[in-house]
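# Tertiary structure, described
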There are 2 protein chains.
Amino acid sequence: MRVLGRHYLLELWGCNEKIGDEAEVRDAVEEAVDAAQVTLLGDVHTHKFNPHGVSAMAIIAESHISVHTWPEYGYAAVDVYTCGEDARPEKALEVFKRRFSPERMEVHEIKRGILV
Amino acid sequence: MRVLGRHYLLELWGCNEKIGDEAEVRDAVEEAVDAAQVTLLGDVHTHKFNPHGVSAMAIIAESHISVHTWPEYGYAAVDVYTCGEDARPEKALEVFKRRFSPERMEVHEIKRGILV
């Protein structure tokens, strides 16, 4: 069985205050790109919402990494979606766990593009 | 039970040739943004790969819409992730189905940020 992509969906609860800081979220995504050994296309795009919340998105040659945060709930939704054998998406997950210090973390892995 | 986000993951197989055309994919994402009644932040970002494949990404106030295509397999992976009660993500799904004409379509709905 060959799979085109691995898509990790992270549900992070009880995160620290960094998830409300646009620069911190951007730094986390940039470190995650490096850690996963993937290729960033363009810049990491970020948006700060009023009054709460940050979105960040990296388009990578291997698919994408995204973060959407709800600081008022201590919650962040992170997606790490990579294709190819060389990417190390699990290393990206470690970056978000270390930086945002969630009290609780759920990880779902969805295989995308299963070739049978 | 309150849910912060609804995340639809589409697996489209047997798509038409439009999935290999950067402008067509961009148009599809732009129409999907309108159909879902969500707010685009900035432009739809696209990338054409050599020799095959297109990625497109819309950061929206309600989270994101992404498309990654493998024309050599007739395959497209589409994500429609929205938060809030006003978004109509199911309308975006219809746009991709109509434009890419997949022979087979799987849809997974993942609830993100379940508040209990």
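Residues numbered from 1 in each chain as written. Chains lettered and ligands numbered in written order. Predicted model: local features only at pLDDT ≥ 70, side-chain atom pairs only at ≥ 80, totals over all residues. Heavy atoms only, no water.

### Here's the deal with the overall build of chain A
Filter applied, for reference: In this description a helix means any DSSP run of H or I spanning at least four residues, a strand means any run of E spanning at least two, and both kinds are numbered starting from the N terminus. For a compact globule the rule gives 2.2 Å times the number of residues to the power 0.38, and the radius of gyration it is set against comes from C-alpha atoms. When a residue's accessible area, from a 1.4 Å probe over protein chains only, is under 20% of the maximum for its type it is buried; when over 50% it is exposed; and in between it is partly exposed. Contacts are assigned to residue pairs with any non-hydrogen atoms lying within 4.5 Å of each other. The Shrake-Rupley method, run with a 1.4 Å probe, gives the accessible areas here. Residue values count only the displayed protein chains as cover. Only four residue types enter the tally: Lys and Arg on the positive side, Asp and Glu on the negative side; His and the chain ends are excluded. Charge positions come from single atoms, namely NZ of Lys, CZ of Arg, CG of Asp or CD of Glu.
Tallying secondary structure elements over chain A gives 2 helices and 6 strands in all. The order of α-helices and β-strands along chain A, N terminus first, is β-α-β-β-β-β-α-β. Relative to the globule expectation of 13 Å for 116 residues, the C-alpha radius of gyration of chain A, 14 Å, shows essentially globular dimensions. With the C-alpha coordinates aligned to their principal axes, the bounding extent of chain A is approximately 45 × 30 × 20 Å. Counting all 116 residues of chain A, 54% fall into the buried class. A separation threshold of at least 6 residues defines the contact pool for chain A, and within that pool the share at least 24 residues apart is 65%. Accessible surface computed for chain A: about 5100 Å², of which carbon and sulfur atoms make up 45%. Here chain A contributes 13 positive and 20 negative side-chain charges, whose respective centroids are spaced 4 Å apart.

### Notes on the relation of the copies chain A and chain B
The condition that has to hold: The least-squares superposition of copies is restricted to C-alpha atoms, and to residues with a pLDDT of at least 70 in both copies.
After a rotation of 180° and a shift along the axis of 0.0 Å, chain A superposes on chain B with an RMSD of 0.0 Å. These values place the two chain copies in the arrangement generated by a two-fold rotation axis. In terms of proximity to the rotation axis, the leading residue of chain A is Met57(A), whose C-alpha is 4.4 Å off the axis. Mapped onto chain B, 100% of the interface residues of chain A are again interface residues, and the two copies thus contact each other with one and the same surface.

### Re the sheet that holds strand β2 (residues 45-48) of chain B
Residue and element names in this part refer to chain B. Applicable threshold: Strands were regarded as paired on the criterion that DSSP finds at least two bridges between them. Axis definition: a line fitted to C-alpha atoms, limited for helices to the stretch in contact. Angles are taken between N-to-C directions and run from 0 to 180 degrees.
One open sheet accounts for 6 strands, arranged β2-β3-β4-β5-β1-β6; its pairing is antiparallel. Unpaired on one side and paired on the other, β2 and β6 (104-115) mark the two borders of the sheet. The sheet shows a mean angle of 10° between the axes of neighbouring strands, direction not considered. Of the pairings in the sheet, the one linking strand β1 (residues 2-13) to strand β5 (residues 75-83) comprises 8 bridges and is antiparallel in character. For Leu12, the partnering residue across the bridge sits in β5 and is Ala76. The strands touched by helix α1 (residues 22-35) within the sheet are β2, β3 (54-60) and β4 (63-70), with β3 carrying the most contacts at an inclination of about 25°. Helix-sheet contacts for helix α2 (residues 89-100) involve β1, β4, β5 and β6, and the interaxial angle to β1 is about 10°.

### Some points on the pairing of strand β2 (residues 45-48) of chain A
Residue and element names in this part refer to chain A. Two strands pair when backbone bridges link them, and β2 and strand β3 (residues 54-60) are joined in this way by 4 bridges, in the antiparallel orientation. Paired with His47 across the strands is Ser55, a residue of β3. Joining the antiparallel neighbours β2 and β3 is a turn of 5 residues, in which Gly53 adopts a positive phi near 105°.

### Thoughts on the sheet that holds strand β1 (residues 2-13) of chain A
All names here are of chain A. Judged by pairing direction, the sheet is antiparallel, and its 6 strands sit side by side in the order β2-β3-β4-β5-β1-β6 without closing on themselves. Sheet topology places β2 and β6 (104-115) at the edges, where each strand pairs with a single neighbour. On average, each strand axis in the sheet is inclined to that of its neighbour by 10°, with strand direction left out of account. Where β3 and strand β4 (residues 63-70) come together, 6 bridges link them in antiparallel fashion. Residue pairing for β4: Met57 is matched across the bridge by Ser66. Running at roughly 25° to β3, helix α1 (residues 22-35) makes contact with β2, β3 and β4 of the sheet.

### Concerning α2(B)
Residues and elements named next belong to chain B. So the rule is basically this: By this rule the span expected of a helix is its residue count minus one, scaled by 1.5 Å. Within this analysis, the arc is defined by the directions that extend from the helix axis to the C-beta atoms.
Its 12 residues give α2 an end-to-end C-alpha distance of 17 Å, which sits within 8% of 16 Å, the value for a rise of 1.5 Å per residue. Among the residues of α2, Pro89, Ala92, Leu93, Val95, Phe96, Arg99 and Phe100 are the ones counted as buried. In an axial view of α2, the angular spread of the buried residues amounts to 155°, which keeps them on one side of the axis. Residues of α2 that are exposed and angled more than 90 degrees away from the buried face: Lys97 and Arg98.

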